[in-house]
Amino acid sequence: MGVFGVGYWIGIVLLLEVCFGAEPFANFELEFNYITASPLGVPQQIIAVNGKFPGPVVNVTTNDDVLVNVKNKLNEDLLVTWPGIQMRRSSWQDGVKGTNCPIPSNWNWTYQFQVKDQIGSFFYFPSLHLQRASGGFGPFVIMNRDIIPIPFDTPDGDIVIMIGDWYTRNHTALWQALDDGKELGIPDGVLINGKGPYRYNTSLVPDSIEYETINVKPGKTYRIQVHNIGVSTSLNFRIQNHKLRLVETEGYYTSQQNYTSLDIHVGQSYTFLVTMDQNASSDYYIVASARFVNELWQRVTGVAILHYSNSKGPASGPLPDPPNDFYDKAYSMNQALSIRQNTTASGARPNPQGSFHYGSINVTDVYILRSSQPKLVDGKLLAAYNGISFVNPDTPIRLSDVYKVKGDYKLDFPTMPRDGAPIVDRSIINGTYKGFVEIILQNNDTVLQTFHLDGYSFFVVGMGLEEWTESHRDSYNKWDAISRSTVQIFPGGWTAVYVYFDNVGAWNLRSGSLDRWYLGQETYVRITNPDDPFNKTELPVPENALYCGALSHLQKPQKNSSWTTLHVQSQLYAVLLMVFSSLIAIFS
């Protein structure tokens, strides 16, 4: 802390916070380590967070400055990413390999970012080497400020449900299989909040598997946030005899409507209001079952129990039926298109979230991204967008820019699909700052895909079950399309999104399926402001940045700073940065 003591700097921070109105800080410590557990009856190594699987909720409020001190107690590198969190001006904190150097084993690293003008349901997870397939994930909830009304009555309680397909092989075995040119095969089950299925069927479900029980009170209405954090399987979510009133998805309020079930694809998050309006003659099933898979996958069904406080007995009998449309994707697609944005509700700010009239803005750039089934090239499976199977640069992209590392990546990602076998490359998209971009996602794979873009949300303006053509633009929703960060593309079909490139940095664009992502179906969008000589539109390299690749020589040994000192230093850094930016604005 230099010649001055901690107390001196605390005084400076408090003075500056009073003068400049700094936002409150929310502090968390997340320790990642291994535990042994048997969610499907088979002992296996699992990644826990603070000793829990799934990890604890990171619960913050709109505009909070968030500090998360991540301790890596694994015997491998670690990065933690925050999909859907729109880190304004700060891709340095994104937690994927193209933006951060990995946190080495037995090191800690503090992420710092602001949840600026955001609300909603999200989650965090480790982004390296399929680690999410072994756990390490948890919910991330951004609550609205008290002065901003929510577009529904205050619920009587909050419930988080994390669903996902699961393998009894750990992530190391899974990525080794992919490296050997093999597909992952059928998952071994579906977990609900880290637990296996209730024994609804004695021949399919072994005895003594621990299952999840959600305790509720009759007549109460609960806000239930559901996240699909699995590897690759789309899941249909339903609660026996209960209606799911959809109110929010990935940071945006939706037009409220009831569903008996909803397809939730890999990487997607939804918030429902569910009223406990049934009698309590028995418990009720909560079901997450695989979608668009053959009958061999029936065993992967996840089942938990909804237990009323006055319940008179256990759940029994058959599970509630899933949609019967294996050979017809139109039902699921129409369900997805029925999810519209609530254009009259306030989001994180007093003005209605639908006041951004995206449909009247001229598109400046168009990208058509085509994915296809992974192909074996020289003994290695490759997945790709537009024929480019991406390999991460040795040095993170923006660090390469700042330190002028040459040849680490190329700004030549093709805007149109290319034919032929995939090629391995480090080609990224040169995004136009404040460009309004149309991205058409064409899925020529045999399985449903999801698409995610870090640092942004985008308007889902269209979706179809065939090859996209320019005539499909006539069918786009240009008024109340939902804005989100992860969207599905049906096999053989297309999805179109609009996104406004106003967040500078290098942002990961990827498949939501862990296997396709690992095999190279990703790239980055690099966005810089050419008219910003003082670089006010992007935060500088963090003081605690890790260095690797061509910049490894800059890395200093790990310091064992106390949490209090880290917090004070981070507060001081943030406030002084705000003061510095204000002075630049005054004198420039």
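Residues numbered from 1 in each chain as written. Predicted model: local features only at pLDDT ≥ 70, side-chain atom pairs only at ≥ 80, totals over all residues. Heavy atoms only, no water.

Draft legend 1. Structural view of the state of the cysteines. According to the stated counting rule, one finds one disulfide in the structure shown. Two residues, cysteine 101 and cysteine 548, share a disulfide whose sulfurs are 2.1 Å apart. A torsion of -80° about the S-S bond marks the disulfide between cysteine 101 and cysteine 548 as left-handed. You can see cysteine 101 sitting in the loop between strand E5 (80-81) and strand E6 (108-114) and its partner cysteine 548 sitting in the loop between strand E33 (522-527) and helix H6 (563-587), a full 447 residues away along the chain. (Disulfide = S-S within 2.5 Å. Helix = DSSP H or I, 4+ residues; strand = E, 2+ residues; numbered from the N terminus.)

Draft legend 2. Quick look at the pattern of salt bridges. Evaluation of the coordinates by the stated rule reveals 22 salt bridges. A salt bridge links arginine 473 to glutamate 438; the nearest nitrogen and oxygen atoms lie 3.0 Å apart. Of this pair, arginine 473 sits in the loop between strand E28 (458-464) and strand E29 (483-484) while glutamate 438 sits in strand E26 (residues 435-444), and the two are 35 residues apart along the sequence. With a relative accessible area of 2%, glutamate 438 lands in the buried category. Among the charged side chains, a salt-bridge network with shared partners connects Glu183, Asp445, Asp515 and Arg516. (Salt bridge = Lys/Arg side-chain N within 4 Å of Asp/Glu carboxyl O. Buried < 20%, exposed > 50% of the residue type's maximum accessible area, 1.4 Å probe, protein only.)

Draft legend 3. Quick peek at the environment of aspartate 64. Mapped onto the secondary structure, aspartate 64 falls in the loop between strand E3 (58-61) and strand E4 (65-72). For aspartate 64, a relative accessible area of 9% corresponds to the buried category. Distance in space between the C-alpha atoms of aspartate 64 and proline 24 is 5.4 Å, their sequence separation being 40 residues. The residues contacting aspartate 64, other than those within four sequence positions of it, are Pro24, Ala26, Phe113, Gln114 and Val115. (Contact = heavy atoms within 4.5 Å.)

Draft legend 4. Region of the structure containing the side chain of aspartate 445. Checked against the element boundaries, aspartate 445 lands in the loop between E26 and strand E27 (449-453). A polar atom in the side chain of aspartate 445 sits 3.2 Å from the side chain of glutamine 449. Within the local environment of aspartate 445, its side chain forms a polar contact with the side chain of arginine 516, the two groups lying 2.8 Å apart. Those residues in contact with aspartate 445 that sit more than four places away from it in its chain are Ser371, Ser372, Gln373, Pro374, Pro491, Gly492 and Arg516. (Polar contact = N/O pair within 3.5 Å; in protein donor to acceptor, adjacent residues only side chain to side chain.)

Draft legend 5. Expanded view of the confidence of the model for the protein chain. Summing up the model confidence of the protein chain, the mean pLDDT is 90 and the portion of residues at 70 or higher is 89%. Here residues 1-21 is modelled with pLDDT under 50, and outside its nearest four sequence neighbours on either side it reaches 24 contacts, counting other chains as well. Predicted confidence for residues 561-568 stays below pLDDT 50, and this span has 19 contacts to residues more than four positions away or in other chains. (pLDDT = per-residue confidence, 0-100.)

Draft legend 6. Main features of the nonpolar core. Counting 102 residues, the largest nonpolar core has Phe32, Trp82, Tyr111, Phe140, Phe237, Phe272 and Phe451 as its most contacted members. Element by element, the count of residues in this core is highest for strand E1 (residues 25-37), at four residues. One finds Met162, Leu178, Phe390 and Ile428 within the second-largest nonpolar core, a separate group that totals 29 residues. (Core = buried A, V, L, I, M, F, W, Y, C linked by side-chain atoms within 4.5 Å.)

Draft legend 7. Main features of the sheet that holds strand E17 (residues 269-275). If you walk across this open sheet you meet the six strands as E10-E9-E12-E17-E14-E15, and the pairing is mixed. Unpaired on one side and paired on the other, strand E10 (189-192) and strand E15 (252-259) mark the two borders of the sheet. With strand direction ignored, the average angle separating the axes of adjacent strands in the sheet is 25°. Pairing analysis gives three bridges linking strand E14 (residues 244-249) to E17, with the strands arranged antiparallel. Counted as the bridge partner of arginine 245 is leucine 273 from E17. (Pairing = 2+ DSSP bridges. Axes fitted to C-alpha atoms, helices over the stretch in contact; angles between N-to-C directions.)

Draft legend 8. Quick peek at unusual backbone geometry. Cis peptide bonds are those with omega within 30 degrees of zero, and the linkage from phenylalanine 53 to proline 54 qualifies with -5°. Mapped onto the elements of the fold, proline 54 is located in the loop between strand E2 (44-49) and E3.

Draft legend 9. A look at a nonpolar patch on the surface. Taken together, the side chains of Val402, Tyr403 and Leu554 present a nonpolar region at the surface, about 220 Å² in accessible area. As for its placement among the helices and strands, valine 402 is situated in helix H4 (residues 397-402). (Patch = residues over 30% accessible without salt bridge, like charges linked within 9 Å, V, L, I, M, F, W, Y side chains within 5 Å. Areas by Shrake-Rupley, 256 points an atom, 1.4 Å probe, with all protein chains shown as cover.)

Draft legend 10. Structural detail: the environment of serine 338. Here serine 338 lies in the loop between helix H3 (330-337) and strand E20 (365-372). Taking the C-alpha atoms as reference points, serine 338 and serine 255, 83 residues apart in sequence, are found 9.1 Å from one another. In this structure the side chain of serine 338 is engaged in a polar contact, spanning 2.5 Å, whose partner is the backbone oxygen of glutamine 335.

Draft legend 11. Structural view of H3. Considered for burial, the residues of H3 that qualify are Ser332, Met333, Gln335 and Ala336. Looking down the long axis of H3, one finds its buried residues gathered within 160° of arc, a one-sided arrangement. Tucked into the core, H3 has its buried residues touching E15, strand E16 (262-264), E28 and strand E30 (486-489). (Arc of directions from axis to C-beta.)

Draft legend 12. Fine view of the pairing of strand E7 (residues 120-126). The element E7 is extensively covered by neighbouring structure, given that seven of its seven residues are classed as buried. Burial along E7 is two-sided: Gly120, Phe122, Tyr124 and Pro126 facing one way and Ser121, Phe123 and Phe125 facing the other are all buried.

Draft legend 13. Examining the packing of aromatic side chains more closely. Here the structure, examined in full by the defined rule, presents 27 aromatic pairs. Ring pairs connect the aromatic residues Trp82, Trp109, Tyr111, Phe113, Tyr124 and Phe140, which therefore count as one cluster. Cation over ring: arginine 291 sits above phenylalanine 292, and NZ or CZ is 4.4 Å from the ring centre. Its end group placed over the ring of tryptophan 517, arginine 510 keeps NZ or CZ at 4.4 Å from the ring centre. (Phe/Tyr/Trp six-rings, centres within 6.5 Å; stacked < 30°, edge-to-face > 60°. Lys NZ or Arg CZ within 6 Å of the ring centre and 35° of its normal.)

Draft legend 14. Spotlight on the side chain of glutamine 240. Tracing the backbone shows glutamine 240 in the loop between strand E13 (235-239) and E14. Here glutamine 240 falls in the buried class, since its relative accessible area comes to 15%. Residues within four places of glutamine 240 in sequence aside, it is in contact with Asp283, Tyr284, Tyr285, Pro318 and Pro320.

Draft legend 15. Structural detail: the sheet that holds E6. Taken in spatial order, the four strands line up as E2-E1-E4-E6 in an open sheet, and their pairing is mixed. Both edges of this open sheet fall to E2 and E6, since each of them pairs with a single strand only. The sheet shows a mean angle of 20° between the axes of neighbouring strands, taken without regard to direction. Summarising the sheet, E1 and E2 pair through six bridges and their orientation is antiparallel. Paired with alanine 37 across the strands is glutamine 44, a residue of E2.

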